[in-house]
Amino acid sequence: MSVKTVLPLGLLLITPFNPSIFTEDSCLSTNFFGNYGDGQSTYSVVRLPETPCEATWETYLATAHYTSSPHPGHQLVWLEKKAVEAKLETSAGQLHNLDQFLDSLQGTTMLGLTEQSRQEVLSSSGEIYPQYGLHYRSAGAALVSVSPRVAKVIDTLLPPFWKSNLLPTSPVVHHPILASAIDPVNRVLSSLKFDPVIASVVNNISLPQMKNDIRFLTGEDGKSGIVSRHSFSIGALTAANWLKDRIEDTGANCRLMPFLVGFAPNVICRYSAIKDTNATVLISAHYDSRGSFGSTRAPGGDDDGSGTTGILSIARTIARKKVKFHSNVELALFAGEEQGLLGSKAYARELRAANASLTLMIQADMTAYRAPGEPLQLGLPDRIGSPEVTQLVANVSKIYSPELQVGFTAACCSDHQSFHEQGFPATQVFERAGPIADPMYHNSGDLSDREGYDFEQLFAIAKVQFATVLHTAGYEL
């Protein structure tokens, strides 16, 4: 019997992620809506194709959830509970109950967009939104459909330990990572050893400058005027232009990359290779931030002012040490991460369409918080990411930042996922070998001048990112 006679067209399938179902000739690879977290598991959202591929479907039918497509004009949003320390949830109590949040979507007066304040994303507008659609629900995740207006602000209304991901309005292509794409990483891995010049360069990163830079991004300096770097805020535009100017000062060619109407742009900067090559090494962070429960203040000191400051500190050191690269090196600062990796997805698709030769990509997201009594740490993704790139980062850390205790984290995923899904080798660096422990996560108190914000850890992780770039790209001084 044909699968097409059993399942009606238009269904969405939510199935446990398995790379084998996204081979180059799989019908699922062209009907892909993304991978999303649910507790310790990752689920793929795919559409039932018009031309069924029975062998593929029948293999995964038993473990898939089925749901109808959203009503016309509604936006699908995946809501997932982030991996956080249990004591943080206990202290938060019912404030973090997703069911209460979903009830508030049921025709209740919510917060809406306004232009009343140049810094505010939200205010009490009293607008009544239509009922939401519930397409999937578990203890750790939900797939809902809401009006586009609600979708744009839903990240700021959620409890802080829940995150929203806007699904694409139509399927995209999932590209598997080919063995040939991993070969350059394996070559670096096999030849990796201590380089005293690299050690000297990465240790030249300036801690005092890091402290100044993060205070500008959070508004703690009293000069930048930034209250929030939410992707729709004026503060995000201030940050984007400032970051572009600062990195251009170091000799890079930078551009602002718009990707969706209303969102602040990505900041894409490039140091061209001194040799004839199209190979590129990319390191990144996201500069946008978010609050919770409708809060308009979102300084984002750790999430992800820390990763952003690390990238900027690397750029400043490239200029100070007069580093030239044998491969092209790009520094990217993304917006739209808090709404579902939207800026990085746009850039990853742009690179795939250009058939770019991307050797590897490393995202830095939340690198500065250290819980009291814990050692300096480096967390690497235990799910989405390229194992070879993750191993390379771990090995580099042992050589150049041995003070870091390296382990895995379930606090996944950040912008590296966008590149991984486009077939590029990618991984992430995080502040802890374990779940999120920062009590100011997605909070108006996420500032750099507070207990637990550790510049030594930020510095150590930035050294790892930078040293990996130097080993992979090759360099001259």
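Anything mentioned here points back to the structure above.
The paragraphs below set out a description of the structure included in this document.

The rules we used
- Residues numbered from 1 in each chain as written.
- Predicted model: local features only at pLDDT ≥ 70, side-chain atom pairs only at ≥ 80, totals over all residues.
- Heavy atoms only, no water.
- Helix = DSSP H or I, 4+ residues; strand = E, 2+ residues; numbered from the N terminus.
- Buried < 20%, exposed > 50% of the residue type's maximum accessible area, 1.4 Å probe, protein only.
- Areas by Shrake-Rupley, 256 points an atom, 1.4 Å probe, with all protein chains shown as cover.
- Expected span 1.5 Å × (residues − 1).
- Polar contact = N/O pair within 3.5 Å; in protein donor to acceptor, adjacent residues only side chain to side chain.
- Pairing = 2+ DSSP bridges.
- Axes fitted to C-alpha atoms, helices over the stretch in contact; angles between N-to-C directions.
- Disulfide = S-S within 2.5 Å.
- Salt bridge = Lys/Arg side-chain N within 4 Å of Asp/Glu carboxyl O.
- Phe/Tyr/Trp six-rings, centres within 6.5 Å; stacked < 30°, edge-to-face > 60°.
- Lys NZ or Arg CZ within 6 Å of the ring centre and 35° of its normal.

## With respect to the overall build of the protein
Okay, step 1: Scanning the protein from terminus to terminus reveals 14 helices and 20 strands.
Okay, step 2: A total of 477 residues make up the protein; the buried ones form 60% of that total.
Okay, step 3: As presented, the protein carries roughly 17800 Å² of accessible surface, and 51% of it is formed by carbon and sulfur atoms.

## Some thoughts on helix 14 (residues 455–473)
Okay, step 1: The end-to-end C-alpha distance of helix 14, which contains 19 residues, comes to 27 Å, matching closely the 27 Å that a straight helix rising 1.5 Å per residue would cover.
Okay, step 2: With 17 of 19 residues buried, helix 14 is to be regarded as a mostly interior element.
Okay, step 3: Here helix 14 starts with a cap whose side-chain oxygen sits 2.9 Å from the backbone nitrogen of Glu456, and that cap is Asp454.
Okay, step 4: Looking one or two places after helix 14, you find Gly474, whose phi comes out positive at around 80°.

## A short note on the sheet that holds strand 3 (residues 41–47)
Adjacent strands of a sheet form backbone hydrogen bonds with each other and so pair up, either parallel or antiparallel.
Okay, step 1: Reading across the sheet, the 4 strands line up as 2-3-1-4 and stay open at both edges, with antiparallel pairing between neighbours. Of all the strands in the sheet, the pair left with one neighbour each is strand 2 (32–38) and strand 4 (65–67). When strand polarity is set aside, the average angle formed by the axes of neighbouring strands in this sheet is 25°.
Okay, step 2: As paired elements, strand 1 (residues 12–16) and strand 3 share 5 bridges and run antiparallel to each other. Each residue of the ladder has a partner; that of Ile14, found in strand 3, is Val45.

## A word on helix 5 (residues 148–157)
Okay, step 1: Of all 10 residues in helix 5, 7 are buried, a share of seventy percent or more.
Okay, step 2: Looking only at helix 5, the buried set comprises Val150, Ala151, Val153, Ile154, Asp155, Thr156 and Leu157.

## Topic: unusual backbone geometry
It is generally the case that most residues other than glycine have a negative phi and that most peptide bonds are trans.
Okay, step 1: Note the cis peptide between Asp303 and Asp304, where omega equals -5°.
Okay, step 2: The topology assignment puts Asp304 in the loop between strand 13 (279–286) and helix 10 (305–320).
Okay, step 3: In the segment running from Cys412 into Cys413, the intervening peptide bond is cis, with an omega of 15°.
Okay, step 4: Looking at where Cys413 falls in the secondary structure, it is placed in the loop between strand 18 (405–409) and helix 13 (416–420).
Okay, step 5: Backbone geometry places Met366, a non-glycine residue, at a positive phi of 65°.
Okay, step 6: Turning to its location among the elements, Met366 is positioned in the loop between strand 16 (357–364) and strand 17 (377–381).
Okay, step 7: In this model, His442 sits at a positive phi of 55°, which is unusual for a non-glycine residue.
Okay, step 8: Inspection of the secondary structure assignment puts His442 in the loop between strand 19 (426–429) and helix 14.

## Some points on the state of the cysteines
Okay, step 1: For the structure on display, the rule yields 2 disulfides.
Okay, step 2: Disulfide pairing is shown between Cys254 and Cys269; the S-S distance is 2.2 Å. Taking the torsion about the S-S bond as the criterion, the Cys254 to Cys269 disulfide, at about 115°, is right-handed. Of the two residues, Cys254 is situated in strand 11 (residues 253–257) and Cys269 in strand 12 (residues 266–271); the sequence distance between them amounts to 15 residues.
Okay, step 3: The disulfide partner of Cys412 is Cys413, and the S-S distance across this bridge is 1.5 Å. Disulfide Cys412-Cys413: torsion about the S-S bond near 65°, hence right-handed.

## Let's talk about the pattern of salt bridges
Okay, step 1: On inspection of all chains with the given rule, the structure shows 16 salt bridges.
Okay, step 2: A salt bridge links Arg255 to Glu350; the nearest nitrogen and oxygen atoms lie 2.7 Å apart. Linking Arg255 in strand 11 with Glu350 in helix 11 (residues 342–353), this pair joins segments that are 95 residues apart in sequence.
Okay, step 3: When the shortest N-O distance is used, the salt bridge between Asp438 and Arg450 registers 2.8 Å. Of this pair, Asp438 sits in the loop between strand 19 and helix 14 while Arg450 is found in the loop between strand 19 and helix 14, placing the two residues 12 residues apart along the sequence. Both residues of the pair, Asp438 and Arg450, belong to the buried class.
Okay, step 4: Overlapping salt bridges, with partners in common, bring together Glu85, Glu374 and Arg432 in one network.

## Section: the packing of aromatic side chains
Okay, step 1: Enumeration according to the criterion identifies 13 aromatic pairs in this entry.
Okay, step 2: For the pair Phe161 and Tyr441, a centre-to-centre distance of 6.2 Å together with 15° between the ring planes defines the contact as stacked. With Phe161 in the loop between helix 5 and strand 10 (162–166) and Tyr441 in the loop between strand 19 and helix 14, the pair connects residues that are 280 residues apart, well separated along the chain. The residues Phe161 and Tyr441 share a single accessibility class, namely buried.
Okay, step 3: Both rings, one in Tyr347 and one in Phe419, keep their centres 6.4 Å apart while their planes meet at 70°; by these two values the pair is edge-to-face. In this pair, Tyr347 is assigned in helix 11 and Phe419 in helix 13, connecting sequence segments 72 residues apart.
Okay, step 4: For Phe419, a relative accessible area of 0% translates into the label buried.
Okay, step 5: Members of the aromatic cluster, connected to one another through ring pairs, are Tyr36, Tyr43, Trp78 and Tyr136.
Okay, step 6: Directly above the ring of Phe455 sits Lys211, whose terminal nitrogen or CZ lies 5.6 Å from the centroid.
Okay, step 7: Lying across the ring of Phe424, Arg352 places its NZ or CZ 4.2 Å from the centre.

## What to know about the sheet that holds strand 9 (residues 141–146)
Okay, step 1: Strand order in the open sheet formed by 4 strands is 8-9-5-10, with antiparallel pairing between adjacent strands. Bordering the open sheet on either side are strand 8 (133–137) and strand 10, each of which pairs with just one other strand. Averaged over all neighbouring strand pairs, the angle between strand axes comes to 20°, with direction disregarded.
Okay, step 2: In the sheet, strand 5 (residues 75–81) pairs with strand 9 via 6 bridges, with the strands oriented antiparallel. Along strand 9, the bridge assignment pairs Glu80 with Ala141.

## A short note on the pairing of strand 12
Okay, step 1: In terms of burial, strand 12 is a largely internal element, 5 of the 6 residues being buried.
Okay, step 2: The pairing of strand 12 with strand 15 (residues 328–334) spans 5 bridges and is antiparallel. Opposite Cys269, over in strand 15, you have Leu331 as the bridge partner.

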